[in-house]
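# A look at the structure
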Amino acid sequence: MSVLPLVFTSGWASGVNAYAVVLLLGVFGATGITDEVPAALQRTDVLVVAGVLFLCEVAADKIPYVDSVWDSVHTVIRPVAGAVVAALLAGESGSLPELAAGAVGGSTALMSHLVKAGTRMAVNTSPEPFTNIAVSTAEDLGVAGIVTFAMFHPLAAASIAAALLLLGMVILMFLASRIRRFLRRRARRREEKHLAGAGSHWPLD
């Protein structure tokens, strides 16, 4: 069971920024900071791809509305990444069956992803971009800090990740009304674009 806290923490972090998790774990393993990271995450090609995608996420995640589109695309990617990373961690340590670890990592990643995506919808109801940038930066720093902390204090890091997940779910409940307004506004914009496109094909007198 010793790997379970790291599996849970990596799952939570993957739901927020999966590429940062893969990149950080790979760097920690490749530099010898920890021997808990499987060799598959330390490969140069994996680190390069994770680094490029991480930079793409850093940019897209700070642009209002673009971040919500990015989150929609990653509804499958983040949980799958969380499950794969968790299975690799468990398979490397041998203390948990890979299937069980994958389930824990994947489900935790899905929950944290839904919290993040929902929160961003609420943030995007504000016309100014500064709140969006601040939230995104806090998420990036939080993932980096907790994953790094988990390398040395996995149980304490898992406790923090669990508290953040629970707090995010509570906050999301209070932001539900703003999220509904965001969804209605987005649906209205799509309808207006559809009507505008249809009108452009009408014959002129």
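Details of the structure are given in the entry above.
Rules used throughout
- Residues numbered from 1 in each chain as written.
- Predicted model: local features only at pLDDT ≥ 70, side-chain atom pairs only at ≥ 80, totals over all residues.
- Heavy atoms only, no water.
- Helix = DSSP H or I, 4+ residues; strand = E, 2+ residues; numbered from the N terminus.
- Buried < 20%, exposed > 50% of the residue type's maximum accessible area, 1.4 Å probe, protein only.
- Contact = heavy atoms within 4.5 Å.
- Axes fitted to C-alpha atoms, helices over the stretch in contact; angles between N-to-C directions.
- Left-handed = near helix turned anticlockwise from the far one by under 90°.
- Nonpolar A, V, L, I, M, F, W, Y, C, P; charged D, E, K, R; others polar.
- Salt bridge = Lys/Arg side-chain N within 4 Å of Asp/Glu carboxyl O.

Moving on: the side chain of S68. Its place among the elements puts S68 in helix α3 (residues 66-93). With a relative accessible area of 3%, S68 lands in the buried category. For S68, the contacting residues outside a window of four places in its chain are R120, M121, N124 and F182.

All right, on to the packing of helix α1 (residues 4-30) against helix α4 (residues 98-123) then. In a pair of packed helices, the angle between the axes and the distance between the axes together describe the arrangement. Put simply, α1 and α4 touch, their axes get as near as 7 Å, and they point 35 degrees apart. Two packed elements cross with a definite hand, and for α1 against α4 that hand is right-handed. Residues L4, V7, F8, G11, W12, S14, G15 and V16 of α1 form the contact with α4, whose own contacting residues are A101, V104, G105, T108, A109, S112, H113 and K116. Along the lines of polarity and charge, the residues of the contact of α1 with α4 split into eight nonpolar, seven polar and one charged.

Turning our eyes to something else, we now look at unusual backbone geometry. Even without being a glycine, Y65 presents a positive backbone phi close to 75 degrees. If you trace the backbone, Y65 turns up in the loop between α2 (44-60) and α3.

All right, on to the pattern of salt bridges then. Using the criterion set out here, one finds 10 salt bridges in the structure. Across the salt bridge formed by K62 and D140, the nearest N and O atoms sit 2.9 Å from each other. In this pair, K62 sits in the loop between α2 and α3 while D140 sits in helix α5 (residues 130-152), placing the two residues 78 residues apart along the sequence. The closest approach of N and O atoms between E139 and K116, which form a salt bridge, is 3.6 Å. With E139 in helix α5 and K116 in helix α4, this residue pair connects regions lying 23 residues apart in the sequence.

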